Amino acid sequence: MTHIIDLRSDTVTRPTSEMRAAMAAAEVGDDVFGDDPTVNLLEARAASLVGKEAALFVPSGTMANLVALLTHATPGDEVILGDQSHIFQYEVGGVARIAGLLTRTLHNREDGTLDIDEFAEAIRPQTIHSPGTKLLCLENTHNRCGGAPIEPAIIERLSAVAHEHGLEVHLDGARLFNAAIALGCPARAIAAPCDSVTFCFSKGLGAPVGSVLCGSRDFIERARRNRKLLGGGMRQAGVLAAAALYAIDHHIDRLADDHANARRLANGLAELGPFRPNLPRTNIVVVEILRGTPEQWLADFAEAGVLAVPFGRGRIRMVTHLDVSSADTEEALARISRIVEARIA
Ligand code: TLP
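Residues numbered from 1 in each chain as written. Predicted model: local features only at pLDDT ≥ 70, side-chain atom pairs only at ≥ 80, totals over all residues. Heavy atoms only, no water.

Peer 1: Would you mind going over the pattern of salt bridges with me for this structure?
Peer 2: Pairs can form between side chains of opposite charge whenever their charged atoms are close. Enumeration over the complete set of coordinates arrives at 16 salt bridges. One salt bridge in this structure joins Arg343 and Asp300, with 2.9 Å as the shortest N-O distance. Residue Arg343 is located in helix α14 (residues 326–344), and its partner Asp300 is located in helix α13 (residues 294–303); the two are separated by 43 residues in the primary sequence. The class for Arg343 is partly exposed, based on a relative accessible area of 31%. (Salt bridge = Lys/Arg side-chain N within 4 Å of Asp/Glu carboxyl O. Helix = DSSP H or I, 4+ residues; strand = E, 2+ residues; numbered from the N terminus. Buried < 20%, exposed > 50% of the residue type's maximum accessible area, 1.4 Å probe, protein only.)

Take a look at the structure:
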């Protein structure tokens, strides 16, 4: 059978045997009572990694963002966020449906950033008529913008304007460590200007489940209540927290390998003709299809055991991760190149 090279997302990684052993050995307790020592340890480690006072372990990145929205703002408030942001594009409208917030979207430039003047203009003056603008949400790395890592200086400038106007800042850092590795700076430097930050253990870090929301002690205390509201209070979650702890101890530095594989993949695809990939700086390759349709190519790739996903009009996405070696990357390119040859012949 052909070995499947699964590039649909970095969420597809399976726990390694070492990670499974750490999970099996985890000490546990009831986390809703605050009794799970492994969850408590993970929350302390996660908070310190991003330079915040406290953290909250949650089942998913979506829930981490939603809990953040519920905690920063009240229904009827307005949140400003990028039009390509994950919260706006891919979280089933939870921001409106569950958090009850108005969304004011700003154009995300190709590098994932927002224009600072446009942002300042979008903040409403407080009048008896207007909804309050309460929150700015940023994303780093930026998924829809090809995994673009965003420099701390840019986040600092936007956050300074937000804070001047009394807004708080939330950072969706689902792939924060990919950004840190790509930019060569500590994650806490990226998160420093933000009031809250999330990151995921279940993407490039390779854990099966889990994300974390970090912020001030007071913010996290209120967030804990909102996690319970959403049904995200878990019990003997130490089994999952152990996987997350293993991931932060062993799988951060190796993200550089995923970035190198993504660059190799993009360079190889660019040579074939029908594809125009981005120049990936992290682990996400977004490919514009110049000839044929995304559906056709995706079907052909799948038949050859290379999985990718459609990614907006005329584009597909491929993501490198822990379960894709450099040999797999070469093999994926070889299979795709055979498909292109057969199509052109
Ligand atoms: N992204 C997933 C899909 O939902 C698209 C992926 O395959 O990339 N923030 C960002 C920036 C994300 O990319 C994701 C997941 C999330 C939040 C949500 O995380 P989960 O899937 O754990 O809810």
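Now that the structure is up, let's keep going.
Peer 1: Honestly, the sheet that holds strand β10 (residues 284–289) in this entry has me stumped. Any pointers?
Peer 2: Two modes of strand pairing occur in sheets, parallel and antiparallel, and in both the strands are linked by backbone hydrogen bonds. On the basis of which strands lie adjacent, the open sheet formed by 4 strands has the order β9-β10-β13-β12 and antiparallel pairing. Of all strands in the sheet, those with a lone pairing partner are β9 (275–277) and β12 (309–310), marking the two edges. Inspection of the sheet shows β10 paired to strand β13 (residues 315–319) by 5 bridges, in the antiparallel sense. For Val285, the partnering residue across the bridge sits in β13 and is Met318. (Pairing = 2+ DSSP bridges.)

Peer 1: Where do I start with the site of the ligand in this structure?
Peer 2: The environment of the ligand is formed by 14 residues, the closest being Ser9, Gly61, Thr62, Asp172 and Arg175. In this structure, Asp172 approaches the ligand through a side-chain N or O atom, which is 2.7 Å from a nitrogen atom. Protein chains bury 82% of the 510 Å² of accessible surface belonging to the ligand in isolation. Broken down by element, the residue count for the shell around the ligand peaks at 3 residues, all from helix α3 (residues 61–72). Partitioned by chemical class, the residues of the shell around the ligand number 1 nonpolar, 7 polar and 6 charged. (Near = heavy atom within 4 Å. Polar contact = N/O pair within 3.5 Å; in protein donor to acceptor, adjacent residues only side chain to side chain. Areas by Shrake-Rupley, 256 points an atom, 1.4 Å probe, with all protein chains shown as cover. Nonpolar A, V, L, I, M, F, W, Y, C, P; charged D, E, K, R; others polar.)

Peer 1: For this particular structure, what's the right way to read the domain arrangement of the protein?
Peer 2: Here the domain parsing of the protein yields domain 1 (17–250) and domain 2 (254–344). If you average the C-alpha positions of domain 1 and of domain 2, the two centres end up 29 Å apart. Counting residues at the interface gives 18 residues for domain 1 and 15 residues for domain 2. Taken together, both faces of the contact between domain 1 and domain 2 bury some 1300 Å²; the carbon and sulfur share is 55%. A per-residue breakdown of the area domain 1 buries against domain 2 is headed by Arg144, Gly146 and Asn178, which together make up 33% of the total. Where domain 1 packs against domain 2, one counts 0 salt bridges. Joining domain 1 to domain 2, the criterion identifies 4 residue pairs in polar contact (both at pLDDT 80 or more). Top contributing element to the side of domain 1 that touches domain 2 by residue count: helix α8 (residues 176–183), with 5 residues. The residue inventory of the side of domain 1 that touches domain 2, partitioned by class, reads 7 nonpolar, 8 polar and 3 charged. (Domains from an automatic or database assignment. Contact = heavy atoms within 4.5 Å. Buried area = accessible area lost by both parts, 1.4 Å probe.)

Peer 1: For this particular structure, what's the right way to read the environment of Ser326?
Peer 2: Along the chain, Ser326 falls in helix α14. Its relative accessible area of 48% is what places Ser326 among the partly exposed residues. In the structure, Ser326 is positioned 65 residues away from Asn261 in sequence and 5.9 Å away in space, judged by C-alpha atoms.

Peer 1: Got a minute to help me understand the side chain of Asp6 in this structure?
Peer 2: Among the structural elements, Asp6 can be located in strand β1 (residues 5–6). Overall, the relative accessible area of 14% leaves Asp6 in the buried class. Within the structure, Asp6 has its side chain in polar contact with the side chain of Arg8 (distance 2.6 Å). With near-sequence residues (within four places) excluded, Asp6 lies in contact with Val12, Leu307, Val319, His321 and Val324.

Peer 1: Sorry if this is basic, but what is going on with the side chain of Arg175 here?
Peer 2: Position of Arg175 relative to the elements: it lies in the loop between β6 (168–172) and α8. Within polar-contact distance, the side chain of Arg175 engages the side chain of Asp10 at 2.8 Å. Beyond its immediate stretch of four places on either side in the chain, Arg175 contacts Ser9, Asp10, Asn140, Thr141, Asn143, Lys203, Asn283, Ile284 and Arg317.

Peer 1: Honestly, the sheet that holds strand β8 (residues 211–215) in this entry has me stumped. Any pointers?
Peer 2: Reading across the sheet, the 7 strands line up as β2-β8-β7-β6-β5-β3-β4 and stay open at both edges, with mixed pairing between neighbours. The outermost strands of the open sheet, each flanked by one partner alone, are β2 (54–58) and β4 (102–106). With direction set aside, neighbouring strand axes in the sheet form an average angle of 20°. Across the sheet, helix α10 (residues 217–229) is in contact with β2, β7 (196–200) and β8; its angle to β2 comes to roughly 20°. (Axes fitted to C-alpha atoms, helices over the stretch in contact; angles between N-to-C directions.)

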